[in-house]
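Analysis of the macromolecular model
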Amino acid sequence: MRSGRLYEGIRTLLGVAALLVAAVAAPGCLVLSLNPAYDDETIGFDPGLLGTWLDAEDKSSLEIERGDWKSYRIRYVHPVETGTLTAYLTVAGDHRVLDVMPLRGEDRGSFVIPVHAVVRVELAGDRLDLTPLSFDWFDERLRRELPIPGIEAVLDQKENAILLSPTAALRAWLRGLAPDAPVFGAAATFIRKRDGM
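Residues numbered from 1 in each chain as written. Predicted model: local features only at pLDDT ≥ 70, side-chain atom pairs only at ≥ 80, totals over all residues. Heavy atoms only, no water.

Inspection of every chain in the model, using the stated rule, returns 8 salt bridges. Salt-bridge contacts for Asp126 lead to Arg192; the nearest nitrogen and oxygen are separated by 2.9 Å. Of this pair, Asp126 sits in the loop between strand 8 (117-124) and strand 9 (127-132) while Arg192 is found in strand 12 (residues 188-192), placing the two residues 66 residues apart along the sequence. Here Asp126 falls in the partly exposed class, since its relative accessible area comes to 31%. Each of the salt bridges in this network shares a partner with another, and the network as a whole consists of Asp126, Arg192 and Arg194. (Salt bridge = Lys/Arg side-chain N within 4 Å of Asp/Glu carboxyl O. Helix = DSSP H or I, 4+ residues; strand = E, 2+ residues; numbered from the N terminus. Buried < 20%, exposed > 50% of the residue type's maximum accessible area, 1.4 Å probe, protein only.)

Right, here's the structure in full:
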């Protein structure tokens, strides 16, 4: 009985944390995780991701540099927003994913929790496809109160889907996803910028 109340208390606390994250940091319509999709043993590094990447269709660009301890520092420019992020590469089953989070090393205050976005990575020469988790898929399931086997998620006040599951559960769920699973959204395609482009 006591462990059941403790579990419910933790779930409530995580739900409140998710609402705080969304209220302070997220613009809405995102799929975010409170926990990373990597652990220390599964962090990888692919130097092929380094460089400047352009998405002509979206009029956006990425500059991916080597960060601290197997991380990437990503500077992005988009017509709506510009910023710098930290990312870690990991493999979960058939999926190579970047776990993208706010820039490490910056103190944003007590009420801002760093959240993680999980983005599938497909690199083929000078083409980089980045595929986020589908907000529409999560939104439909959560609004209809359909279970998502293997993970827990909620919608926050700003309409973000917040994944509450710990890292081990999130990784196990990702490993079980087929490459064409509808949980993945539309890919953004970037082409490597070469000198003179």
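Here the narrative resumes, following the displayed structure.
Quick look at the nonpolar core now. Ranked by size, the top nonpolar core spans 21 residues in total, and within it Leu133, Phe138, Leu163, Trp173, Leu174 and Val183 carry the most contacts. The set of elements that each furnish at least two residues to this core consists of helix 2 (135-143), strand 11 (161-163) and helix 3 (167-175). Each residue touching Leu163, except ones within four places of it in the same chain, is listed here: Val31, Leu32, Ser33, Leu34, Leu133, Phe138, Ile151, Glu152, Ala153 and Leu170. (Core = buried A, V, L, I, M, F, W, Y, C linked by side-chain atoms within 4.5 Å. Contact = heavy atoms within 4.5 Å.)

It is worth spelling out the confidence of the model for the chain at this point. When the pLDDT values of the chain are averaged, the result is 85; 82% of them are 70 or greater. Low pLDDT (under 50) marks residues 1-27, which in the prediction has 25 contacts with non-local residues, meaning those over four places away or in another chain. (pLDDT = per-residue confidence, 0-100.)

What follows covers the sheet that holds strand 10 (residues 153-155). Reading across the sheet, the 3 strands line up as 1-11-10 and stay open at both edges, with mixed pairing between neighbours. Since the sheet does not close on itself, it has two edges, and those belong to strand 1 (31-33) and strand 10, each with one partner. Each neighbouring strand pair of the sheet contributes to a mean axis angle of 25°, computed without reference to strand direction. Sheet analysis places strand 10 next to strand 11, joined by 3 bridges and oriented antiparallel. By the bridge assignment, Ala153 is partnered in strand 11 with Leu163. Across the sheet, helix 2 lies against strand 1, strand 10 and strand 11, angled at about 90° from strand 10, the strand it touches most. (Pairing = 2+ DSSP bridges. Axes fitted to C-alpha atoms, helices over the stretch in contact; angles between N-to-C directions.)

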